[in-house]
Amino acid sequence: MPGCKVAKCKSHTGRPTQAVRLFCFPKDPETARKWLVLCGVETDINTYKFSDSDRVCSLHFEKDQIGYDMLTRVLLEAGKLKRPPVVKLKEGALPTLHLPSRSDVPKPISNSVTRIAVIEKKKHRMKVY
């Protein structure tokens, strides 16, 4: 079951309310990487493998970044919409609301040399003198 990728967010597709929508990550790799950083994903963003289930919920977007597709807009204006409206993000939208603070998200260790140095430092602190 897809869920929101933002660290500590509990939104997922199984929610009974239509108020929270999940949006797919953008197809543009650079914008998708920006989303990962903003969401506090604990991984190396340069090697992250995106999947179809990667989503961010509507709670993390400003209202002016969310809109309707053209058909939905026409049906809404005519008062003939018989289903929940199709909601889409506007071009270039970025998640900006209810995001983890920098202190909540550990920095990823991106290379093996740094990883080894961190492990050695921890071992040294654990020694009893």
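Heads up: these notes are all about the structure in this document. Just so it is clear, the structure is predicted and the values come from calculations on it, not from any experiment.

### Regarding the environment of Cys24
With respect to the helices, strands and loops of the structure, Cys24 is situated in strand β1 (residues 22-24). Between the C-alpha atom of Cys24 and that of Lys88, which follows or precedes it by 64 residues, the distance is 9.8 Å.

### With respect to the packing of aromatic side chains
Evaluation of the coordinates by the stated rule reveals 5 aromatic pairs. Arranged with centres 5.6 Å apart and planes meeting at 50 degrees, the rings of Phe25 and Phe50 form a pair that is tilted. Taken together, the residues span a long stretch of sequence, with Phe25 in the loop between β1 and α1 (29-39) and Phe50 in the loop between α1 and β2 (55-57) at a distance of 25 residues. On the basis of relative accessibility, which here comes to 9%, the residue Phe25 falls in the buried class. For the ring pair Trp35 and Phe61, a centre distance of 5.3 Å and an interplane angle of 55 degrees mean the geometry is tilted.

### Quick word on the pattern of salt bridges
For the structure shown, the criterion picks out 1 salt bridge. One salt bridge in this structure joins Lys5 and Asp54, with 3.4 Å as the shortest N-O distance. Placement of the pair is Lys5 in the segment before β1 and Asp54 in the loop between α1 and β2, with a sequence separation of 49 residues. Overall, Asp54 belongs to the buried group, its relative accessible area being 5%.

### Description of the nonpolar core
Membership of the largest hydrophobic core comes to 16 residues, with the highest contact counts inside it found for Cys4, Phe25, Val56 and Phe61. In terms of residue count, α1 provides more of this core than any other element does, 4 residues in total.

### Side note on unusual backbone geometry
A positive phi angle is found at Lys8, which is not glycine, with a value near 70 degrees. Within the secondary structure, Lys8 is located in the segment before β1. Phi angles above zero are rare outside glycine, and His98 is one such case at about 50 degrees.

Definitions and cut-offs
- Residues numbered from 1 in each chain as written.
- Predicted model: local features only at pLDDT ≥ 70, side-chain atom pairs only at ≥ 80, totals over all residues.
- Heavy atoms only, no water.
- Helix = DSSP H or I, 4+ residues; strand = E, 2+ residues; numbered from the N terminus.
- Phe/Tyr/Trp six-rings, centres within 6.5 Å; stacked < 30°, edge-to-face > 60°.
- Buried < 20%, exposed > 50% of the residue type's maximum accessible area, 1.4 Å probe, protein only.
- Salt bridge = Lys/Arg side-chain N within 4 Å of Asp/Glu carboxyl O.
- Core = buried A, V, L, I, M, F, W, Y, C linked by side-chain atoms within 4.5 Å.

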